[in-house]
Amino acid sequence: MEGRSRESLIRVRSEDPRPIYVQIMDEVRRGVVLGALRPDDPLPSVRDLAAELRVSPNTVAQAYRELERSGEAYTRRGVGTFVASGVDPGRLRESLARGIAEQALREAYRSGVGVDHLLAEIRRAAGQDARPEGASTP
Amino acid sequence: MGTAETPRARSGDAVDRRPRVLRVLRSQLALVGLGRRRELLAVSVFMGVVVAWMLTAARAPGPDVRSALGTAVVLGYLWPVSVWEGEPPSRRLYHRLLPVGERLHNLLRIGAGGTWIVASLAAGTLIGMGAAGLLGHASAGFAPAAALEAVGGVLVMYGLGSVAAVATEHPGRWIVGVPLVYVLLVALLDAHGVQPLAGWLEAPLRSLNRAVETPLRTAGASAGGSSFPDALLLWLAIAGAALALAASFRPEPGRG
Amino acid sequence: MTAVRTEGLVRRFGDRVALRGLDLRVPAGGIYVLIGRNGAGKTTTLNVLLGLLRPDAGAVSVLGAEPWTRAARVRARVGYLPESSALGYPWMTARQALAFHATYHPAWDQGYEHSLVEALEVPVEVRLDQLSKGQARGVQLVMALAHRPPLLLLDEPTDGLDPVLRDRALEILADFAGSGGATLLLSTHLVHEAERLADHVGILGRGELVVQHSRAELRERLRSYRARVPEGWPEPAELGGRVWARSRSTAEIEWRVWGDSDHVVAELSAAGATVREVSDLSLEEAARTILSAQGGRNGDG
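None of the values given here were measured: they were computed from a predicted structure.

(A) Main features of the overall build of chain B. Within chain B one finds nine helices and zero strands. The helix and strand sequence of chain B, counted from the amino end, reads α-α-α-α-α-α-α-α-α. Here chain B holds 256 residues, and 41% of them are scored as buried. Across chain B, every contact between residues at least 6 apart in sequence was considered, and the portion connecting residues at least 24 apart equals 76%. Summing over all exposed atoms, chain B offers an accessible surface of approximately 13,500 Å²; the carbon and sulfur share of this is 68%.

See below:
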């Protein structure tokens, strides 16, 4: 079951093991990394995003607070929350990649697959599929 | 989607969130008037026919309104069943959960029902008198005091019927059953000459009879033992007290 | 600040004890999801909160008022969605029923009413007794929300709604929660849907709250631990927390433990198990774990 926001393609999934506020934060970061969200762009209001995603507004508020705390967003009282001006897409891409890697490692460990084995399989899978445009070389 | 249209500050306690009593009364009047319009019409028509018949068929000089009044009182007594139809105590959640004190709300419903039945009976009576007049049997009309006491008699019986309707699950049984048992009991005691018990039991019936009969006295006729207004007032008080009690009934939605 | 609070609430029906010392705490401004099996006491609790049932013992406070003695005041501040689809007067059209309902609620927002009616596809010219279950539910939802009460009590809110309307109802509720700090209390056994809305969770088992925490705390404290264990492994008596469930396959055991996860992992490792995975539980899984244990296997009741 998904909830999709008209405004910024923010998507959260119930089956995703991460808490919803973390998913929202990562979706915002994803938006920045992909260029859909630029510095000083407004994020959807807490109320609107909560309604679109069918989640509690407190969860959205928490996501925005955490983004503010990590310097990735700022709030203007009575106006809304915005992407921070000094946000660096490169750094965000790194932290997103790290999150994906950690998840992959968790899955691997769960199934008794070692790190080297996992890396080998990743290279093989990457070699087989067409490389997406714009992906940086490892 | 549209729900985000009018953001609004939380009402909370800043706004008075409860309706005014007069507003609730109006709503209950509308509820009964609209929901029971067919029954009210039928009552008016029936009353009109009875009055017209009584006036045109009367042999003695001057109107004999006894049967008309009897009709009105019986209709008033049965009316609560219609007012509370579909809402026995076990199926009254919507009514109870509205933001009005339960007792007050019950009394307002009863009041609204009473207003409508009196209006309906009065309209029927006037129409009947008018119809009889058209047929050449004009009546002398009711003295205002008599009319008032007729209304009082109807309201007493309506009130007693409302006690059953508001507090019992099957009011029909009570409304028909209680007078039946009472009358049978009195008849039985009378037949066996069990005095003074029979006399005591009969007293309320007699005084109610007198209260109902008051309008029958045309101007100038002998008043006789005139405790009539007192009898009516006594009965109004009895009915009122019974209603105040019955209206406080708060049934429990239990889970078996 | 709490919107709803009960302390030691007891309610009996004859011999049966429906609520045995309920300590409900619904924080203001959040969404509280009350989960429980049929017969656990959810509806009885709501009936007490609405002033329909008198407590046999204990204190109850709804938005600062005691509901049995100040029922009208409480009901004026609450939007209630009952479990059954019975509502209003059957001979009224939906439009008439809503207009009637509005006369009792001075804070009624007509604009909001209209947008709700549209979103929930309520056929306003149809008599109440001719509405489908889903349409009737829509009317009830409008009645509960249109006067923008500070507290919503919702009993199985999406029950009877088709998938499209179900989704719209959830959107409406999320939007309502976000507009002015309202408090929502959702009673449901469709836990999956309530998952994303829950700020706080109460799990009701046989008349009392087995668990009552914020969603975040529940997620942190009750986790699933999978470990590979050697053959003939002697399971330790102490796992570093309360064990709610345990299941075993050939070489792996899964525990669901309430406790600090670092501590539990340390205990398991020290005892010789290889912990492969520590994972969060969905609200549905957590509720099921706790309610099944209630049945007698692991839990103390």
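The discussion continues.
(B) Layout of the environment of R25 of chain C. Residues and elements named next belong to chain C. Looking at the secondary structure, you find R25 in strand β3 (residues 25-27). Along the primary structure R25 and R219 are separated by 194 residues, whereas in three dimensions their C-alpha atoms are 19 Å apart. Sequence-distant contacts of R25, that is, excluding residues within four places in its chain, are made with T2, V4, R5, T6, E7, Y32 and Q212. At 3.0 Å, the side chain of R25 and the backbone oxygen of T6 are in polar contact.

(C) Up close: the sheet that holds strand β13 (residues 252-258) of chain C. Here four strands make up an open sheet; going across it, the order is β12-β13-β11-β14 (chain C) and the pairing antiparallel. In the strand order of this sheet, the two ends are held by β12 (242-248) and β14 (274-280) of chain C, each with one partner. When strand polarity is set aside, the average angle formed by the axes of neighbouring strands in this sheet is 20°. The pairing of strand β11 (residues 222-228) of chain C with β13 of chain C spans seven bridges and is classified as antiparallel. Bridge pairing in β13 of chain C links S224 of chain C to R256 of chain C. Helix α4 (residues 89-110) of chain A rests against β11 and β14 of chain C of the sheet, and its axis sits at about 130° to β14 of chain C.

(D) Molecular detail of the interface of chain B and chain C. Residue-level contacts link 42 residues of chain B with 48 residues of chain C. Roughly 3,900 Å² is buried in total at the junction of chain B and chain C, and carbon and sulfur atoms are behind 57% of that figure. Taken together, the links from chain B to chain C amount to two salt bridges. With a closest N to O distance of 2.8 Å, R11 of chain C and E252 of chain B form a salt bridge. Counting across the chain B and chain C interface gives 13 residue pairs in polar contact (both at pLDDT 80 or more). Elements with a contribution of two residues or more to the side of chain B that touches chain C: α1 (21-35), α4 (93-97) and α5 (102-134) of chain B. When the residues that make up the side of chain B that touches chain C are grouped by side-chain class, the tally is 14 nonpolar, 13 polar and 15 charged.

(E) Just the pattern of salt bridges, in detail. Within the structure shown, the criterion is met by 33 salt bridges over all chains. Measuring nitrogen to oxygen at the nearest pair gives 3.3 Å for the salt bridge that ties R148 of chain C to D109 of chain C. Placement of the pair is R148 of chain C in the loop between α5 (133-145) and β7 (151-155) and D109 of chain C in the loop between α3 (94-103) and α4 (110-119), with a sequence separation of 39 residues. The class for R148 of chain C is buried, based on a relative accessible area of 4%. The class for D109 of chain C is buried, based on a relative accessible area of 9%. Here R223 of chain C makes a salt bridge to D280 of chain C, at a shortest N to O gap of 2.9 Å. With R223 of chain C in strand β11 and D280 of chain C in strand β14, this residue pair connects regions lying 57 residues apart in the sequence. By relative accessible area, which is 24% here, D280 of chain C ends up partly exposed. Through salt bridges with shared partners, a single network forms among D16, R18, D26, R29 and E72 of chain A.

What counts, and at which threshold
Residues numbered from 1 in each chain as written. Chains lettered and ligands numbered in written order. Predicted model: local features only at pLDDT ≥ 70, side-chain atom pairs only at ≥ 80, totals over all residues. Heavy atoms only, no water. Helix = DSSP H or I, 4+ residues; strand = E, 2+ residues; numbered from the N terminus. Buried < 20%, exposed > 50% of the residue type's maximum accessible area, 1.4 Å probe, protein only. Contact = heavy atoms within 4.5 Å. Areas by Shrake-Rupley, 256 points an atom, 1.4 Å probe, with all protein chains shown as cover. Polar contact = N/O pair within 3.5 Å; in protein donor to acceptor, adjacent residues only side chain to side chain. Pairing = 2+ DSSP bridges. Axes fitted to C-alpha atoms, helices over the stretch in contact; angles between N-to-C directions. Buried area = accessible area lost by both parts, 1.4 Å probe. Salt bridge = Lys/Arg side-chain N within 4 Å of Asp/Glu carboxyl O. Nonpolar A, V, L, I, M, F, W, Y, C, P; charged D, E, K, R; others polar.

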